[in-house]
Amino acid sequence: MTASRDRAVRSDRRPFPPHSKEAKVDKIRPSRRSRVRVPALAGMALAAVLGLSACAPGGTAATPSQGSTTFAGGTPTCGTKPVTMSAYFETGFPLPKALTDEFTKQHPNVTWNIREDQFAVITQNAARTLADSPPDLMRLPSIADLAKEGLLKNLDGYAKAFGWDEWPASQLEQLRVEKSGARGSGSLYAQGLNFSLTGVFYNKDLAKQAGITSTPTTLAEFDDALAKAKAKGITPIAQFNGGATGGLAFPLQQLMASYGSPTSINDWVFQKSGADIDTSTNQQAAQHLETWVKAGYFAKDVNSLDYSGMMSRFIGGKSLFIFDGDWESGNLDKQMAGKAGFFLMPPATAGGKQAAMSAPLTYGIAAGAKHADCAATFLNWVATDKTARSIDVKVGGSHPMGLADAYMPDVDSSTVTGQTLAAGAKVSKDNGAMDFIANATNAIYAKSWTPQLQSLVAGRVSADDLLKSVQSDYTSQIKQ
């Protein structure tokens, strides 16, 4: 396939933020699915923290330690006295550590005490961690309940002080929560380390072997590419769908956007009144996914394949396509230099608009954080400092947050990173940014999408039954 020769253009959208991986083929780092903020906050005891409320920026629910500052108007800083920041990050992703290391170089009084866990563990522990040992900075799963229960600091004051309200509104809407717990508007309760998007990665050598000479521009052309790969004995798609994370949600949502409107998908994720996932176009999408399953286009062990296994196979040349996010761009540019490419999911109709799941790599400040001002200063620095923005692109592989005309480093448009950045510009132009369907409620991914998609592969549910079941679960969950 021919790599895009267009110059990578800056995107205003926050796909699940950018991230050069250093994983080896035999030891790929665990999934970061947020740049997809994934599943449900399982097994959480919120009763102990009902007394907490979100503090206004500058206030803290804990006594500030030496070196923290008090934000009383003006611009927050980290001060000049020694500050040790407590942080809770997702394991296996080099971007946050690269950023904190550079921040310390520029702010020598600030050091970091970093704890790391798998995203699934962070998801399960989020509420308890924020309540019992509130970190200054934390990688977050779905934020609605955490904000509603007063576990996250309200960032509106910081947004005003730093000028975040001048950024493209679409970058921050997924990080806003109403008092009712509905997302998409209201106060700001999180920030992004960068802005990512998803699409289709492909192996150029395998594409050539299959006789595929150009990237597909319609869904029918994509179907043809899948059929050509299978006919040549090449696994068309290695997609993770094992364990507690149904990775078939990636191609399913992309198919939904190929057939229908990303706006209706966002309405459902943001719990807008009357929103329904079981629509006629979404049924077409689910049926299309079902035809791929029945045609054998996915790896035979798709229901036991985890994220790291998917990446190992793709990097090892054992599958033509994967559906994934630009957080892998830097990793693939390093481990598959010149041999990997990226394209957006093609539309069902030639010339149709294109969409992608996209969102910020979400980080928040605990309501009880000791160094909230310094944490907010770090988040602002990530979006405004030239070196930080370069790290975002070169290590993270995605577009930084911030003003639409903010500094961007030069990127070779023929690289995977260059292609994903250009794709972000196309999605922005087509107004095609979608939040992930896994984020509609805290439980919908683990308790509905994942088991239903695994059952679809196993032949236990049909495409139509899948959507009806998910909608039923959704309705019950938003009423709780």
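- Where an unreviewed UniProt entry is consulted, the chain appears under the name Extracellular solute-binding protein, with the organism given as Amnibacterium soli.

## Quick look at the pattern of salt bridges
At step 1: The full count for this structure, using the stated rule, is 10 salt bridges.
At step 2: In this structure, Asp-278 and Lys-468 form a salt bridge, with 3.8 Å as the shortest nitrogen-oxygen distance. Of the two residues, Asp-278 is situated in the loop between α9 (262–269) and α10 (280–294) and Lys-468 in helix α17 (residues 463–479); the sequence distance between them amounts to 190 residues.
At step 3: Notably, a salt bridge pairs Arg-313 with Asp-301, separated by 2.4 Å at the nearest N-O pair. Here Asp-301 lies in the loop between α10 and α11 (307–315) and Arg-313 lies in helix α11, a separation of 12 residues in the sequence.
At step 4: Here Arg-313 falls in the partly exposed class, since its relative accessible area comes to 25%.

## Notes on the confidence of the model for the chain
At step 1: Confidence in the prediction for the chain averages 84 pLDDT; 85% of positions are at 70 or higher.
At step 2: Below a pLDDT of 50 lies the segment residues 2–70, which in the model reaches 308 contacts outside its immediate sequence neighbourhood of four places, other chains included.

## Some thoughts on the pairing of strand β7 (residues 321–325)
At step 1: Counting buried positions along β7 gives five out of five residues, so the element sits mostly inside the fold.
At step 2: Examined bridge by bridge, strand β6 (residues 191–203) and β7 share five bridges and lie antiparallel to one another. Among the inter-strand pairings, Gly-199 is bridged to a residue of β7, identified as Asp-324.

## Side note on unusual backbone geometry
At step 1: Phi is positive for Gln-271, which is not a glycine, with a value near 60°.
At step 2: Summarising the element assignment, Gln-271 is placed in the loop between α9 and α10.
At step 3: The phi torsion at Asn-431 lies on the positive side, around 50°, for a residue other than glycine.
At step 4: The topology assignment puts Asn-431 in the loop between α15 (416–429) and β10 (433–434).

## Some details on the packing of α10 against α17
At step 1: For the pair α10 and α17, the least separation of the axes is 8 Å and the interaxial angle reads 130°. Classified by the angle between their axes, α10 and α17 sit oblique to one another. Here α10 runs over α17; the crossing is right-handed. Within the contact between the two elements, α10 uses Asn-282, Gln-283, Ala-286, Gln-287 and Glu-290 and α17 uses Ala-463, Asp-464, Leu-467 and Lys-468.

## Describing the packing of aromatic side chains
At step 1: Taken as a whole and judged by the stated rule, the model has 23 aromatic pairs.
At step 2: Seen in terms of ring centroids, Phe-103 and Phe-378 are 5.3 Å apart; in terms of plane orientation they differ by 85°. Their pairing is edge-to-face. Of this pair, Phe-103 sits in helix α1 (residues 94–106) while Phe-378 is found in helix α13 (residues 372–384), placing the two residues 275 residues apart along the sequence. Across the pair, exposure class does not vary: Phe-103 and Phe-378 are buried alike.

Here is what the cut-offs are and how they apply
- Residues numbered from 1 in each chain as written.
- Predicted model: local features only at pLDDT ≥ 70, side-chain atom pairs only at ≥ 80, totals over all residues.
- Heavy atoms only, no water.
- Salt bridge = Lys/Arg side-chain N within 4 Å of Asp/Glu carboxyl O.
- Helix = DSSP H or I, 4+ residues; strand = E, 2+ residues; numbered from the N terminus.
- Buried < 20%, exposed > 50% of the residue type's maximum accessible area, 1.4 Å probe, protein only.
- pLDDT = per-residue confidence, 0-100.
- Contact = heavy atoms within 4.5 Å.
- Pairing = 2+ DSSP bridges.
- Axes fitted to C-alpha atoms, helices over the stretch in contact; angles between N-to-C directions.
- Parallel < 35°, antiparallel > 145°, perpendicular 65-115°, else oblique.
- Left-handed = near helix turned anticlockwise from the far one by under 90°.
- Phe/Tyr/Trp six-rings, centres within 6.5 Å; stacked < 30°, edge-to-face > 60°.

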